[in-house]
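# Architecture and fold: a report
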Amino acid sequence: MKVRLRLAALGALLVAASVPAAAADRIVQLKPGNAGPDIDALPQIVDPVDEAERKINAAVKRIDAHVRKAAQTCKQEGGKYASWDRSVQTPMRGPRFLSYVINDSSSCGGPHPNNSTTAIVYDLTTGAPVDWTTLLPPALTGKVALEAQADGTRMVALSSKRLHNLYLQAYRPKTGKSAEDADDKECREAVTETFSGEPPAMTVWPDAETGGLAVAFDLVHAVQACADTVVIPTATLRREGVQALLADAIDAAHAKRP
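Scanning the chain from N- to C-terminus turns up eight helices and twelve strands. Here the chain holds 258 residues, and the buried ones make up 41% of them. Taking all contacts inside the chain whose residues are at least 6 apart in sequence as the whole, residues at least 24 apart take part in 54%. Carbon and sulfur atoms make up 54% of the accessible area of the chain, which totals about 13,800 Å².

Now the structure itself:
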């Protein structure tokens, strides 16, 4: 009997060893797909190894269901000229964090298309969306709110004067060439002054390619072309007091980029 128990225990250990000891430390593989014509689905994790990854796959399926329903409503309201386009990028696929960036352009009968960018970031250890208040200092989170998106889902947005200032510091730096600087002047004014002194509702996500925290926010249609994404490097993030867990994960992911 004791021999059988020892063998059973050994078998359990071998099975456990076949699963990564720290699944969240790996770079996950993702499978792209479509949620409808011209609508990217949020890529799912291939062969999820734990409950956290299965939870993420279930969550992104629900987001895809939201946009399918929204696109159907858009078609009903806008008729044959209605359209909904969605592109999805995954700028960080581990370790620890998986980020999705969602760009929507919808035309449902109004005078011009509605364009928006949002992001959702999952913690690969829990399968839940990250709580930015545990990763960023209060000065960078500011006021945290859930903002309704084009498809009706609600995503986290941060309204922080300090975060907005860091964005402005890196936004379209002056080149010293008068023609280029003149072209960018209107945009610099738009991202600085549109909000009457109050910080905009910003969406953020870790970006492995550039090695930092990406920051974006939407602008009115007339100056939508000015809505650049700006990346704050990890060196700056560390000086600002972000949790080492976040900065270290971004640096690790950046080092693993091909």
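Now, onward.
This brings us to the pattern of salt bridges. Taken as a whole and assessed by the stated rule, the structure comprises eleven salt bridges. A salt bridge links D104 to R86, with the nearest nitrogen and oxygen atoms 2.7 Å apart. In this pair, D104 is assigned in strand β6 (residues 97-107) and R86 in strand β5 (residues 83-93), connecting sequence segments 18 residues apart. Residue D104 shares its accessibility class with R86, and that shared class is buried. Each member of the salt-bridge network shares a partner with another, and the members are R86, D104 and D151.

This next bit is on helix α8 (residues 244-255). For α8, with twelve residues, the first-to-last C-alpha span of 16 Å sits near the 16 Å given by 1.5 Å per residue. Within α8, the full set of buried residues consists of L246, A247, A249, I250 and A253. One side of α8 carries all its buried residues, which in axial view fall inside an arc of 160°. Each element contacted by the buried residues of α8 is listed here: β5, β6, α3 (132-135), β10 (203-207), β11 (212-216) and α7 (234-240).

Summed over the entire model, instances satisfying the criterion amount to two disulfides. The disulfide bridge from C74 ends at C108, spanning 2.1 Å between sulfur atoms. Sign of the S-S torsion, about -105° for the bond between C74 and C108, identifies this disulfide as left-handed. In this pair, C74 sits in helix α2 (residues 51-78) while C108 sits in the loop between β6 and β7 (114-123), placing the two residues 34 residues apart along the sequence. The disulfide partner of C187 is C226, and the S-S distance across this bridge is 2.0 Å. Its torsion about the S-S bond being -70°, the disulfide of C187 and C226 is classed as left-handed. Linking C187 in helix α6 (residues 178-193) with C226 in the loop between β11 and β12 (230-233), this pair joins segments that are 39 residues apart in sequence. Across the pair, exposure class does not vary: C187 and C226 are buried alike. Numbered by position along the chain, the disulfide-linked cysteines of the chain connect as 1-2, 3-4.

With 39 residues, the main nonpolar core has F97, W132, L136 and L163 as its most contacted residues. When residues no more than four places from it in sequence are discounted, the contact partners of L136 are T141, L158, L213, V242 and L246. Among the nonpolar cores identified, the runner-up in size contains 17 residues, and I45, Y100, L124 and M155 belong to it.

This part is about the packing of aromatic side chains. In the structure shown here, the tally under the stated rule is three aromatic pairs. Between Y167 and F217 the ring centres are 4.8 Å apart and the planes differ by 50°, which places this aromatic pair in the tilted class. Of the two residues, Y167 sits in helix α5 (residues 161-170) while F217 sits in the loop between β11 and β12, which places them 50 residues apart along the sequence. Pair check on accessibility: Y167 and F217 agree, each one buried. Counting every residue linked through ring pairs, the aromatic cluster contains Y167, Y171 and F217.

With that out of the way, let us pick up the side chain of T118. Within the secondary structure, T118 is located in strand β7. Judged by relative accessible area, T118 falls into the buried class, the value being 6%. Sequence-distant contacts of T118, defined by excluding residues within four places in its chain, comprise Y100, V101, I102, Q149, M155 and T203.

Rules used throughout
- Residues numbered from 1 in each chain as written.
- Predicted model: local features only at pLDDT ≥ 70, side-chain atom pairs only at ≥ 80, totals over all residues.
- Heavy atoms only, no water.
- Helix = DSSP H or I, 4+ residues; strand = E, 2+ residues; numbered from the N terminus.
- Buried < 20%, exposed > 50% of the residue type's maximum accessible area, 1.4 Å probe, protein only.
- Contact = heavy atoms within 4.5 Å.
- Areas by Shrake-Rupley, 256 points an atom, 1.4 Å probe, with all protein chains shown as cover.
- Salt bridge = Lys/Arg side-chain N within 4 Å of Asp/Glu carboxyl O.
- Expected span 1.5 Å × (residues − 1).
- Arc of directions from axis to C-beta.
- Disulfide = S-S within 2.5 Å.
- Core = buried A, V, L, I, M, F, W, Y, C linked by side-chain atoms within 4.5 Å.
- Phe/Tyr/Trp six-rings, centres within 6.5 Å; stacked < 30°, edge-to-face > 60°.

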